[in-house]
Every structure is written in C-alpha cells, then in structure tokens.
Amino acid sequence: MAAATARPATPKPSGIKAPERCPHCNSTRLIKKGTRTKKLETVAMMKCKACGRTFTPGPRALRSKTYPLAEIIEAITTYNRGYSLVETAGQLSSRYGHRVSTATISRWANQHPALTTYARLRAAGRRLYSPRRIIRTSKLYHRQVYEFAYHRAKLDLLRKGMLDPFIQSRASQPFQTLANFIESIPSACPHALFTREDGVRGSQLGAGFIDTGSLQVIERQNAATDIAALIIPGVGSNHQRHARLQRFMLVNDAATIAVEVPIWLDEAGIASLEAEHGIELVPKQVNPDGGHAPRQVTGHIDFLQVRNGCLHILDYKPDARAPTSRSPSSRPMRWR
C-alpha cells in the first residue's frame, strides 16, 4: 500500500501592513489589485493610480522571498541571541510548522550586515551569557505597562571597552556608571513616583521648557530608519510595531543597550537643573506658608544607545512629520 502524501498547508494571509504610499512615485492613490499566492502565504497586490504600477507591500529587499517577512526576522533575532543555526532551525520548525534549512538561516543572518551589527559581538556575547539569559526583561506598571529590557552582554562589553571603539579607556567611567544604573533599575526605580497623580510626565512639560516653534527638524537616513523600514512593514498590528522594533534592535543592533528605560527627577534634581540653565522646568504649587509642594518629573526612553563615544536617546514617532504634527508620513517612522 502506497504511503499517503501529506497535502501542503493552505497559505496564510500575509501579516504585512498595507502601504500608505507608492514605493515608485510616493503617491497615496493606491487601490487593491487582487492577491498573489506564494508557497507559505497569500500577499495582497496593490496598484498605484498615479503611475499605474502594481506591487506587493513590504520592504523591497524581501518581496521576492519564499518565506514570510516575520519568519525571517524571527530567525535573525533568534540566531543573534546566541542560538546555533541548528537550534534556530528547530525553534522555527516548532513555531511555524515547516522546516527551514540552516543554510537559509545563515544566508538571512548575513544579508543585512549594516542592520545587524551585533553580529561582530555575537561570539563574545555567547561566552558571557546563554541565549535565555542574555536579555533581561522587567514589566513596569507605571500608569500603563512598560516592558523595560536591557542586553546583559552589551553592558558587560561596554564596561570592558569592547562595545564602542570610540570610547577611550580614560573616558569609560561614565559609561560604566550608566551600565550600573541600567542594571539597578528593576530594584532601585521608585515605581510609586510614576503612578502619582500629581507627578509630571516628561512628555507633558509645557512650552516654557522647550519652544517647539524654534526646533529644526532634519530628515536623516541612518541605521535606525533603515531598521524601521525593514521591521515596521511586516507588522500588521499597530500596537505591536513599537515592541517588535524594540526587540529587533535590542538583539541585533550593537549600539542599542536598553529599551523603555524609566527616568525620573525629584525636587533636588529639578531645582539643580533650573538653577543651572535659568529655566522653570516644572511650575511650583505654592503652599499657604510660602513653601511649595515637592515636584517630580518621570518619563521613559524608547531606545538607549551608545555609539561613536556618545550616549544617544531615540524617541519613536511612527507618524510624525514634525514635533507637533500627527499627519501620516511618507516614511514608516521618524526618529528624533
């Protein structure tokens, strides 16, 4: 009796989000134009009424791939956490229900070297931590839930002067202090301060603190925008895009050391900054006796990076053309 041949699974709808603009002429006059069935997924086709071209959504470099974008990203991230090619292939098979060869995973991992710069540190990171322990994540219940996470191997390499070649040994002490601060957050963060009703969020500071009208917005194409252009189109759910991008950059980008980092200022810190810069950071609520109630400012940093000998703070703005605008952008996101 002949063995039964397994029928191929029905291709699933692609999770890639519908584009807002034509990749050829930047027009917003887009319409759906049927679907294209691939081996593992069904992809929507789009047509631009301005230039007449038909295209599939998603990053141009990955449109011709057999495997779904989300699966490729998952493979790259799993491998750069420190799992071997065989272990990565096993995890993909268990999660997605089909086999991916180690040669294919290796090709994916090496295809975007500018966006996966942690690859040069991967061997050193594996010697320090197992794949399960290399990222530490803590949920912070600060009015809403924030998923604070940091890369343990990167912090150790930062202390050793191996993370960023631009940090000279004589100037490494501030970065060592930074690494200690990040590691202390789960236990040292004053969580109650973030839930107080009389507290001020950093994003809510008034126009007297920063005159947004005098800010100069400069469009830049760099590793952060390139990574966003690769990750964001493959996430169909709006509320998941932020977290997916954070996860990818924390694992695969050498410069990103932590995400959703809580920061805070108490009365002493606020008074010190006001005296140093001649500003009023937070208005005082004067008491009848002439004093004022203690003030505090809290906030969260989306992405914290160390590169080129400097500390960089990245703020995720998925739809902003300018600091005060909420209109859709031709780019998938903006950094500032």
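Bear in mind that the values here come from a model prediction, so they are computed numbers and not experimental data. (Residues numbered from 1 in each chain as written. Predicted model: local features only at pLDDT ≥ 70, side-chain atom pairs only at ≥ 80, totals over all residues. Heavy atoms only, no water.)

A. A look at the overall build of the chain. Counting secondary structure elements, the chain contains ten helices and twelve strands. The buried share among the 336 residues of the chain stands at 41%. Of the contacts formed within the chain by residues at least 6 apart in sequence, a portion of 63% connects residues at least 24 apart. If you sum the accessible surface of the chain, you get close to 18,800 Å²; carbon and sulfur atoms cover 51% of it. (Helix = DSSP H or I, 4+ residues; strand = E, 2+ residues; numbered from the N terminus. Buried < 20%, exposed > 50% of the residue type's maximum accessible area, 1.4 Å probe, protein only. Contact = heavy atoms within 4.5 Å. Areas by Shrake-Rupley, 256 points an atom, 1.4 Å probe, with all protein chains shown as cover.)

B. Spatial organisation of the nonpolar core. Among the nonpolar cores identified, the biggest contains 59 residues, and Trp 108, Ile 182, Leu 245, Ile 257, Leu 304 and Val 306 are the most heavily contacted of them. Leaving out residues up to four positions away in the same chain, Ile 257 has contacts with Ala 149, Tyr 150, His 151, Lys 154, Leu 155, Leu 163, Leu 178, Ile 182, Leu 250, Leu 304 and Val 306. (Core = buried A, V, L, I, M, F, W, Y, C linked by side-chain atoms within 4.5 Å.)

C. Spotlight on the environment of His 300. Counting through the fold element by element, His 300 comes out in strand β9 (residues 297–307). Between the alpha carbons of His 300 and Glu 260 there is a distance of 5.5 Å; along the sequence they are 40 residues apart. Sequence-distant contacts of His 300, that is, excluding residues within four places in its chain, are made with His 142, Tyr 146, Phe 194, Arg 201, Glu 260, Val 261, Pro 262 and Ile 263. Here the side chain of His 300 touches His 142 through a polar contact of 3.0 Å, side chain to side chain. (Polar contact = N/O pair within 3.5 Å; in protein donor to acceptor, adjacent residues only side chain to side chain.)

D. Representation of the confidence of the model for the chain within the structure. The predicted model of the chain has a mean per-residue pLDDT of 81, with 80% of residues at 70 or higher. Mean pLDDT across the secondary structure elements of the chain bottoms out at strand β12 (residues 334–335), with 36, and peaks at helix α4 (residues 122–128), with 97. For the stretch residues 1–8, pLDDT sits under 50, and the model shows zero contacts to residues farther than four places along the chain or on other chains. (pLDDT = per-residue confidence, 0-100.)

E. Helix α10 (residues 267–277), seen in detail. All of the buried residues in α10 are Gly 269, Ile 270 and Glu 274. End-on view of α10: buried residues confined to an arc of 130°, all on one side of the axis. Away from its buried face by more than 90 degrees, α10 exposes Ala 268, Ala 275 and Glu 276. On its buried side, α10 packs onto β8 (256–265) and β9. Once α10 finishes, Gly 278 follows within two positions and takes phi at roughly 65°, a positive value. (Arc of directions from axis to C-beta.)

F. The arrangement of the pairing of β9 in detail. A large share of β9 lies buried, amounting to ten of its eleven residues. Bridge count for β8 against β9 is eight bridges, and the pairing is antiparallel. Paired with Ile 263 across the two strands is Gly 299, which belongs to β9. One ladder, built from five bridges, connects β9 with strand β10 (residues 310–314); its direction is antiparallel. Bridge pairing in β10 links Arg 307 to Cys 310. Hairpin geometry of β9 and β10 is characterised by an intervening segment of two residues between the two adjacent antiparallel strands and by a positive phi of about 55° at Asn 308. (Pairing = 2+ DSSP bridges.)

G. Molecular detail of the packing of helix α1 (residues 69–80) against helix α2 (residues 85–96). Between α1 and α2, whose axes approach to 9 Å, the crossing angle comes to 145°. At the point where α1 passes α2, the crossing takes the right-handed sense. Contact residues: α1 offers Ala 70, Glu 71, Glu 74, Ala 75, Thr 78 and Tyr 79, while α2 offers Leu 85, Thr 88, Gln 91, Leu 92, Arg 95 and Tyr 96. Tallied by class, the residues present in the contact of α1 with α2 amount to six nonpolar, three polar and three charged. (Axes fitted to C-alpha atoms, helices over the stretch in contact; angles between N-to-C directions. Left-handed = near helix turned anticlockwise from the far one by under 90°. Nonpolar A, V, L, I, M, F, W, Y, C, P; charged D, E, K, R; others polar.)

H. Representation of helix α3 (residues 102–109) within the structure. The set of residues buried in α3 consists of Thr 104, Ile 105, Trp 108 and Ala 109. Buried residues in α3, looked at end-on, bunch into an arc of 135°, giving them a common side. Residues of α3 that are buried make contact with α1 and α2.

I. The pairing of strand β5 (residues 135–142), seen in detail. Pairing between β5 and strand β6 (residues 144–151): eight bridges, direction antiparallel. When the bridges of β6 are listed, Arg 136 appears paired with Tyr 150. Here β5 folds back onto β6 in antiparallel fashion, the turn holding one residue, of which Arg 143 has a positive phi close to 65°.

J. View of unusual backbone geometry. Positive phi, close to 65°, is recorded for Arg 143, a residue that is not glycine. According to the relative accessible area criterion, Arg 143 is partly exposed, its value standing at 46%. The phi torsion at Asn 308 lies on the positive side, around 55°, for a residue other than glycine. Mapped onto the secondary structure, Asn 308 falls in the loop between β9 and β10.

K. Expanded view of the pattern of salt bridges. Within this structure, the stated rule accounts for seven salt bridges. Lys 139 is paired through a salt bridge with Glu 147; the nearest N and O atoms lie 2.9 Å apart. The class of Glu 147 is partly exposed, set by a relative accessible area of 43%. Between Glu 274 and Arg 295 there is a salt bridge, and its shortest N-O distance comes to 2.9 Å. Linking Glu 274 in helix α10 with Arg 295 in the loop between α10 and β9, this pair joins segments that are 21 residues apart in sequence. (Salt bridge = Lys/Arg side-chain N within 4 Å of Asp/Glu carboxyl O.)

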